[in-house]
Each structure stands twice: as structure tokens, then as C-alpha cells.
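Spelled out from the first residue to the last, the chains are:
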Amino acid sequence: MIVLFPFEKTIYQQAGVDVSWVGHPLLDDILQESDSAEFRKNYGLRTDLPLLTIAPGSRPSEMRKHLPTMLEALPEIEKKIGEFQCILPVAESLDFDEVRRKASSSPVHVAVVPEQFLESVRASDAAVIASGTASLQTGLALKPFVIVYRVSPLTYVIARLLAETKYIGMVNVLADKEIVPELLQNKFTVSSMTDHAVRLLQDNDYRGTMINELKKIGHQLGEPGAYRRAAKCIKDFIN
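Points about the pairing of strand β5 (residues 110-114)
The buried fraction of β5 is high, at four of five residues. Taken together, the five bridges between strand β4 (residues 85-90) and β5 define a ladder with parallel strand orientation. In the strand pairing of β5, Val90 is matched with Pro114. With respect to chirality, the unit in which β4 leads through helix α5 (residues 96-103) into the neighbouring parallel β5 is right-handed.

Here you go:
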């Protein structure tokens, strides 16, 4: 087995499986710099206003469960903090036109962009992210964010019964504590998203504490070069 997370190595070793931990390939992506000011300019976004990224997930079912609540929260956020901006990077696996149509219903303008998730997050001040790889990317980018997720009640109950961790966000799993808020199931509401987004955008002490905790997570994932190390594992095994 070639694994990405340090805790996975322990699990496989205990099961008697030959295992190598190579680190996470997302660390290589984080090294690639981008000009956030130029990115904002390209999409008509101002540099003097807060920017919030919303990412409802890469699966159509996730998008349809999460996006309506996200969009409904935007005008409530605006009522509390004043004018701000929102960007929605659309995963390649989604119907771009469908997402853009849904986003156009929001009274707050949402810049809908094809893919470019990491660039959007880097250019933003905070983010609301559906649980998945995107949440780990956001954490490694050191952006304050909140994790949201909603599934069928039965699926949630089964997952909770089988899971050996009380967290679903990988940054929290790695930290073994909630450093990023998780709004799951009925806790993911317009009101809760509004309150968390406002705090993420305005509370500098809260932002700073979260960023410091996220820095510790990056150190747990090894060093850049996971693909190279994985290739060496395969080569050594073949030889």
C-alpha cells in the first residue's frame, strides 16, 4: 500500500500490510504561486472588498444539496457586514450552466468561474467548503473556512456508527480536534452559515488562531514530492 496520511500507515502496519507513507500530493499544488490581485481583476472583483469563496462540492448531488443554502445566506451576510463579494469555482464534473443559473438567482452577485478552485481560495478572505478534498486544499492554503455537508439521514447515521472519528473534515481529523467548524446535516442552515461567515470575515483574532492551527496540519503531511516518492516505491517493488 502507498498511502497519503500518516495515520493510514499505522492502520496498515497493525494489519500486517506492507505500507509506505509518501505524503500528500496536494503539497505540490500549494507550492505553485498565483497573483491574487490579478486573479480578482480578471473576474471583475475589487481588491478593496472582502471576498468569500463558496464551494458546494464536485458531485451534482452535493451541489444540489448545498448550493441553495449557501446562496440564501449571502444576502443575510451582506446585511451584517455590508458590501462584499462572492466567487463560486465550478468543478469540471458539474454542469457549469446549471450552476450559473442557480447562482444568478442570488441578490448578491456571485462570480461563477470554471474550475480554478485553488486560485479562487487563495484570492479570497474566507471560504465555505463542502467536505472533501477541497477542504484539505483550503486548509493547506491557510484560508479561514467552515466545512459544510448534508447527506440523507440514513447515510449519516450509518457513517456515524462506522466512523472512529467524530470529525469529517480532514484538517480536524489530523488535528484530532475541531479547528475548523463543521456544519453537518441540520446544523447547516442559512443562519449558521451566516454567523460563521461573518466571523470568518471580520474577527481577526479568530482568523489568526485558525490560520496558526492550519499551519500545523501542513507539517503533518510530509514534504512536497509525493508523486516522486510513490514512483520510487513502485520501482523498488518491481525490482
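So much for the structure itself; the text now carries on.
Focus on the pattern of salt bridges
Under the definition given, this model contains twelve salt bridges. With a shortest N-O distance of 2.9 Å, Arg59 and Glu62 are connected by a salt bridge. Residue Glu213 is joined to Lys216 by a salt bridge in which the shortest nitrogen-to-oxygen separation is 3.5 Å. Note that Glu213 and Lys216 are positioned in helix α11 (residues 204-220) at a spacing of three residues, about one turn of the helix. Through salt bridges that share partners, Arg46, Asp48 and Glu83 make up one connected network.

Here we look at the packing of helix α10 (residues 190-202) against α11
Running from amino to carboxyl end, α10 crosses α11 at an angle of 85°, the nearest separation of the two axes being 6 Å. On the basis of the axis angle, α10 is roughly perpendicular to α11. Where α10 approaches α11, its residues Arg199, Leu200, Leu201 and Gln202 are matched on the opposing element by Asn204, Tyr206, Arg207 and Met210. Class assignment for the residues of the contact of α10 with α11 results in four nonpolar, two polar and two charged.

Some details on the nonpolar core
Core analysis: the largest hydrophobic core is formed by 55 residues, its most contacted members being Leu52, Ile54, Leu74, Ile77, Val171 and Met193. Looking at this core element by element, the count peaks at eight residues for helix α4 (residues 60-81). With seven residues, the next largest nonpolar core counts Leu45, Ile87, Val113 and Ala123 among its residues.

Let's talk about a nonpolar patch on the surface
Where nonpolar side chains cluster on the molecular surface, the patch consists of Leu154, Val157, Ile158, Leu161 and Leu162 and spans about 560 Å² of accessible area. By the secondary structure assignment, Ile158 is in helix α8 (residues 153-162).

Parameters and conventions
- Residues numbered from 1 in each chain as written.
- Predicted model: local features only at pLDDT ≥ 70, side-chain atom pairs only at ≥ 80, totals over all residues.
- Heavy atoms only, no water.
- Buried < 20%, exposed > 50% of the residue type's maximum accessible area, 1.4 Å probe, protein only.
- Helix = DSSP H or I, 4+ residues; strand = E, 2+ residues; numbered from the N terminus.
- Pairing = 2+ DSSP bridges.
- Right-handed = clockwise from strand over helix to strand, strands pointing away.
- Salt bridge = Lys/Arg side-chain N within 4 Å of Asp/Glu carboxyl O.
- Axes fitted to C-alpha atoms, helices over the stretch in contact; angles between N-to-C directions.
- Parallel < 35°, antiparallel > 145°, perpendicular 65-115°, else oblique.
- Contact = heavy atoms within 4.5 Å.
- Nonpolar A, V, L, I, M, F, W, Y, C, P; charged D, E, K, R; others polar.
- Core = buried A, V, L, I, M, F, W, Y, C linked by side-chain atoms within 4.5 Å.
- Patch = residues over 30% accessible without salt bridge, like charges linked within 9 Å, V, L, I, M, F, W, Y side chains within 5 Å.
- Areas by Shrake-Rupley, 256 points an atom, 1.4 Å probe, with all protein chains shown as cover.

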